Amino acid sequence: MPVLPQGFRHLPDLLDRDAQHVLAEEVRAVVRASPLYVPAMPGTGKPMSVRMTNCGQLGWVTDKEHGYRYQETHPVTGAPWPPIPDRLLDLWRAVADYPDPPQACLVNFYSAGARMGLHQDRDEQEFSAPVVSVSLGDDCLFRIGGTRRGDPTASLRLRSGDVVVLGGESRIAFHGVDRIYPGTSTLLKGEGRINLTLRRVTG
Ligand code: MD3
Ligand code: FE
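Please read these numbers as outputs of a predicted model, since none were measured by experiment.

**Q** Pulling in residues and values, what's your account of helix α1 (residues 17–33)?
**A** The first and last C-alpha atoms of α1 sit 25 Å apart over 17 residues, in line with the 24 Å expected at 1.5 Å per residue. Every buried residue of α1 is listed here: Q20, L23, A24, V27 and V30. The buried residues of α1 occupy an angular sector of 115° when projected down its axis, which confines them to one face. Exposed and facing more than 90 degrees away from the buried side of α1 are D18, R32 and A33. Residues of α1 that are buried sit in contact with β2 (51–56), α2 (86–95), β5 (104–110), β7 (131–137) and β12 (193–199). For α1, the side-chain oxygen to backbone nitrogen distance between the N-cap and D18 is 3.2 Å, and the N-cap itself is D16.

Dropping the structure here:
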């Protein structure tokens, strides 16, 4: 298997079952205040298969007209995003090795057939802060490569309760989700996978 990029840390099962349940309830509250919407690719308007929402001061959004960006309000309701739950702020303090708190928490929901193509996260101004990711629900096949699109990639299965820290070079590595494995977790009420990513956005 190709080597993982420098700064990549996989912390399997960092959250125990109770912590996962509490977090899943908090995500439900976020989604009630700030519903999942269907993001669209810039230019083409092609819908993504992952549904999204956010919490925090800033949320990552995309649509046909204005493309990838961060904004303070939900693109459909126009309401400000709800705050990031304290437990996620605690998690950031524990693993991020960064002095300031996250400004954005993107909530990705994958139904059985959803995937996310190989991409880099480059819409932030602050690349010295890591991205911290939490997986809940069904397992997925995650893929990460190097800083160039053609670099070799490594695949690993992410499971409910796993945390991934993307610091250093891995912060700008290409990555994606090739598939989810429906029915591999009983955490959520039905099939599917939730991924939360905590980020610093401004410099
Ligand atoms: C590697 N999310 O939201 S999480 C994304 O599972 C995203 O929903 C995937 O890629 C998901 O942008 C992957 C792990 C992850 C998150 C951010 C990264 C890996 C990353 C940023 C840079 C490099
Ligand atoms: Fe990403």
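There's plenty left to go through after this.
**Q** Go over the layout of surface pockets with me, naming the residues and quoting the values.
**A** In this model, the largest pocket occupies a volume close to 790 Å³. Lining the largest pocket are 39 residues, with M116, G117, H119, D121 and H175 sitting closest to its centre. Among the elements of the structure, β5, β6 (116–119), β7, β8 (139–144), β10 (163–166), β11 (175–181) and β12 are those that each provide at least two residues to the lining of the largest pocket. Tallying contributions element by element places β12 first for the lining of the largest pocket, with four residues. When its residues are assigned to classes, the lining of the largest pocket shows 19 nonpolar, eleven polar and nine charged. Estimates place the volume of the second largest pocket at around 220 Å³. When residues of the lining of the second largest pocket are traced back to their parent elements, those giving at least two are α1 and β5. Per-element tally for the lining of the second largest pocket: the top contributor is α1, with four residues. Across the lining of the second largest pocket, the residue classes tally to eight nonpolar, one polar and four charged.

About the criteria used
- Residues numbered from 1 in each chain as written.
- Chains lettered and ligands numbered in written order.
- Predicted model: local features only at pLDDT ≥ 70, side-chain atom pairs only at ≥ 80, totals over all residues.
- Heavy atoms only, no water.
- Helix = DSSP H or I, 4+ residues; strand = E, 2+ residues; numbered from the N terminus.
- Expected span 1.5 Å × (residues − 1).
- Buried < 20%, exposed > 50% of the residue type's maximum accessible area, 1.4 Å probe, protein only.
- Arc of directions from axis to C-beta.
- Contact = heavy atoms within 4.5 Å.
- Polar contact = N/O pair within 3.5 Å; in protein donor to acceptor, adjacent residues only side chain to side chain.
- 1 Å grid on protein atoms, 1.4 Å probe; cavity = no way out; pocket = protein on both sides within 12 Å on 5 of 7 lines; lining within 4 Å.
- Points joined across faces, edges and corners; volume = space filled by probe spheres on them.
- Nonpolar A, V, L, I, M, F, W, Y, C, P; charged D, E, K, R; others polar.

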